[in-house]
Amino acid sequence: MSTYESSCRPNAVTVREVGLRDGLQSLPVVLPTQTKLDWIDAAYAAGQREIEVGSFVPARLLPQLADTGELVAHAVQLPDLAVSVLVPNLKGAELALASGAHLMLVPLSASHAHSLANLRKTPQEVVAMVAQMRAARDAAGSPMLIEGGVGTAFGCTLQGEVRQDDVLGLMQALLDAGADRVSLADTVGYADPASVRRLLEAARRIAGDRLCCAHFHDTRGLGLANVLAALETGVARFDACLAGIGGCPHAPGASGNVSTEDLVFMLESMGIDTGVDIRQLLALREAAGRWLPDQPLHGALWRAGLPKTFRARAATPA
Ligand code: ZN
C-alpha cells in the first residue's frame, strides 16, 4: 500500500481511452474498421469502461474516423461500457443522438484564434450551439450526456496566452447553456503542474462535481506530472491514448496525449484503482505497434516492462 497521501486524492480513477479519436485523427493512416473493433474489445477486456470511439465529422475532413457509427453500434453492446463520441456541430449531434452513444463531447477552444482555426466558430458561437444541442437532446428524450470540453485551457500555439478568466467564464457559459458536465484540456501541451493546480482548483469552485475530466498532452514531457497535480485537486477521470498517439493539426509539432499504459501504471503503482489489468493493456500496446508500424508511438512503460516490485492493487470488496 502506498504511503503517499493527499486530502483530495481519489481512491479510484477512470482512464478514458481517446486514442480511437484524438489519436487516430492526427495520424495520416486509416485503420481498418475491424482493427478498431479489435482495439475496443481488447481495451474492454483489459478493464477499460469508458472509450471515445470516434467523432461525427464529415468523412471528407477526417476519413480516419468515417466509421464512427459502426464503432458505436458495436461498442454499446458491451455491458457497462460508456461510449462517447466527439461532436463539432449540430449535424454531428444529430448523428450522435441517433447512434445511441452514451455521451457526446463538444469541444470548445478557449483561445479565440484556435477556435476559429479548428472549429471555424468563436467560443461564444460554440456555447450557443451547445444550447441548441441540449434542446435537441431533450426533445429527443435521449439520456445521452453532453460534456463541454474546454480546450487550449493553458495556452495556445496560435494565440499564446489564454487567460484563466476566459477559461472559467466559458466553462460557466457551457454549464449555463445546458452542458451536463465540463472538462478541461491542455490541447497543445502548455500546462505545468502549478498552472494545473491553479486552474483546476478555480474550476472546481465553479463547477463542483460537474468538472468531470482532465485531458493532458505530453508534448513537453509534463503529461503525467500534470495528471498528478490534477489528481491532487480531486479530478478522478483522465483522458489518455494507447501508445500516446495523437497531437493537434493546428499545433505544429505537438506529440500525443498521455499514454494510457503509463498513466494506468502510475495510478496503480500509487495504489489508486483504475479497474484496468496493466498486463492486458501492455499486450494491447504491442498490438498497436503492429497496427501502426510506421507511426510514432510514445510512452515509457512498454520499453522497460513492469518492475519486479509492481503489484496491482487487490480488488477492494464491494
Ligand atoms: Zn487532445
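Quick look at the structure, then. Please read these numbers as outputs of a predicted model, since none were measured by experiment.

## Notes on the overall build of the protein
Counting its secondary structure elements, the protein contains 12 helices and eight strands. Evaluated residue by residue, the protein yields a buried proportion of 55% over its 318 residues. Here the contacts in the protein between residues at least 6 apart in sequence split such that 74% fall between residues at least 24 apart. With the model as given, the accessible surface of the protein reaches about 13200 Å², and the carbon-plus-sulfur share is 54%. For the protein, the distance from the average position of its 27 positive side-chain charges to the average position of its 33 negative side-chain charges is 1 Å.

## Quick look at the packing of helix α4 (residues 90-99) against helix α6 (residues 123-140)
Closest axis-to-axis distance for the α4/α6 pair is 10 Å, and the angle between their directions is 25°. In terms of orientation, α4 lies roughly parallel with respect to α6. Helix-helix and strand crossings are classified by hand; for α4 and α6 the assignment is right-handed. When α4 is examined against α6, the residues Leu 90, Ala 93 and Leu 97 are found in contact with a partner set consisting of Met 129, Gln 132, Met 133, Ala 136 and Arg 137. Looking at side-chain class alone, the contact of α4 with α6 contains six nonpolar, one polar and one charged residues.

## A closer look at the coordination of the zinc ion
At the metal site, the zinc ion is ligated by Asp 22 (OD), His 215 (NE2) and His 217 (NE2), and these contacts range over 2.0 to 2.1 Å. Look at where the donors of the zinc ion fall in the sequence and you get D-x192-H-x1-H. Here the residue Asp 22 occupies a position in helix α1 (residues 19-23), and His 215 occupies one in strand β7 (residues 211-216), the gap between them amounting to 193 residues.

## Some thoughts on the environment of Leu 168
Structurally, the position occupied by Leu 168 is in helix α7 (residues 164-177). Accessibility expressed as a relative area gives 11% for Leu 168, which makes it buried. Each C-alpha atom of the pair Leu 168 and Ala 82 lies 27 Å from the other, and the pair is 86 residues apart in sequence. Not counting residues up to four positions away in its chain, the partners in contact with Leu 168 are Leu 199, Ala 202, Ala 203 and Ile 206.

## Concerning the nonpolar core
Of all hydrophobic cores here, the largest spans 95 residues; its most connected members are Leu 184 and Phe 238. Setting aside chain neighbours within four positions, we find Phe 238 in contact with Val 13, Thr 14, Val 15, Arg 16, Cys 213, Ala 214, Phe 216, Val 227, Ala 230, Leu 231 and Leu 263.

## Topic: the side chain of Thr 233
Structurally, the position occupied by Thr 233 is in the loop between α9 (223-231) and β8 (237-240). A relative accessible area of 7% places Thr 233 in the buried class. In terms of polar contacts, Thr 233 uses its side chain to reach the backbone carbonyl oxygen of Ala 230, at 2.7 Å. With sequence-adjacent residues up to four places away left out, Thr 233 is seen in contact with Cys 8, Arg 197, Leu 200, Glu 201 and Arg 204.

## Some words on the packing of α7 against helix α8 (residues 193-207)
Between two packed helices, the angle of one axis relative to the other and the distance separating the axes together describe the packing. At a minimum axis separation of 10 Å, α7 and α8 run at an interaxial angle of 30°. Here α7 is positioned roughly parallel relative to α8, judged by the angle of their axes. Judged by the twist between their axes, the crossing of α7 over α8 is right-handed. Contacts from Gln 164, Val 167, Leu 168, Met 171, Gln 172 and Leu 175 of α7 reach α8 at Arg 198, Leu 199, Ala 202, Ala 203, Ile 206 and Ala 207.

## Section: the environment of Arg 279
In this fold, Arg 279 is placed in helix α11 (residues 278-291). The spacing of Arg 279 and Cys 8 is 271 residues in sequence and 29 Å in space, taken between C-alpha atoms. Once residues within four sequence positions are removed from consideration, Arg 279 is found in contact with Leu 306 and Phe 310.

Cut-offs used in this document
- Residues numbered from 1 in each chain as written.
- Predicted model: local features only at pLDDT ≥ 70, side-chain atom pairs only at ≥ 80, totals over all residues.
- Heavy atoms only, no water.
- Helix = DSSP H or I, 4+ residues; strand = E, 2+ residues; numbered from the N terminus.
- Buried < 20%, exposed > 50% of the residue type's maximum accessible area, 1.4 Å probe, protein only.
- Contact = heavy atoms within 4.5 Å.
- Areas by Shrake-Rupley, 256 points an atom, 1.4 Å probe, with all protein chains shown as cover.
- Lys, Arg positive; Asp, Glu negative; His and termini not counted.
- Charge placed at Lys NZ, Arg CZ, Asp CG, Glu CD.
- Axes fitted to C-alpha atoms, helices over the stretch in contact; angles between N-to-C directions.
- Parallel < 35°, antiparallel > 145°, perpendicular 65-115°, else oblique.
- Left-handed = near helix turned anticlockwise from the far one by under 90°.
- Nonpolar A, V, L, I, M, F, W, Y, C, P; charged D, E, K, R; others polar.
- Donors = N, O, S within 2.8 Å, 3.2 Å for Na, K, Ca; no water.
- Core = buried A, V, L, I, M, F, W, Y, C linked by side-chain atoms within 4.5 Å.
- Polar contact = N/O pair within 3.5 Å; in protein donor to acceptor, adjacent residues only side chain to side chain.

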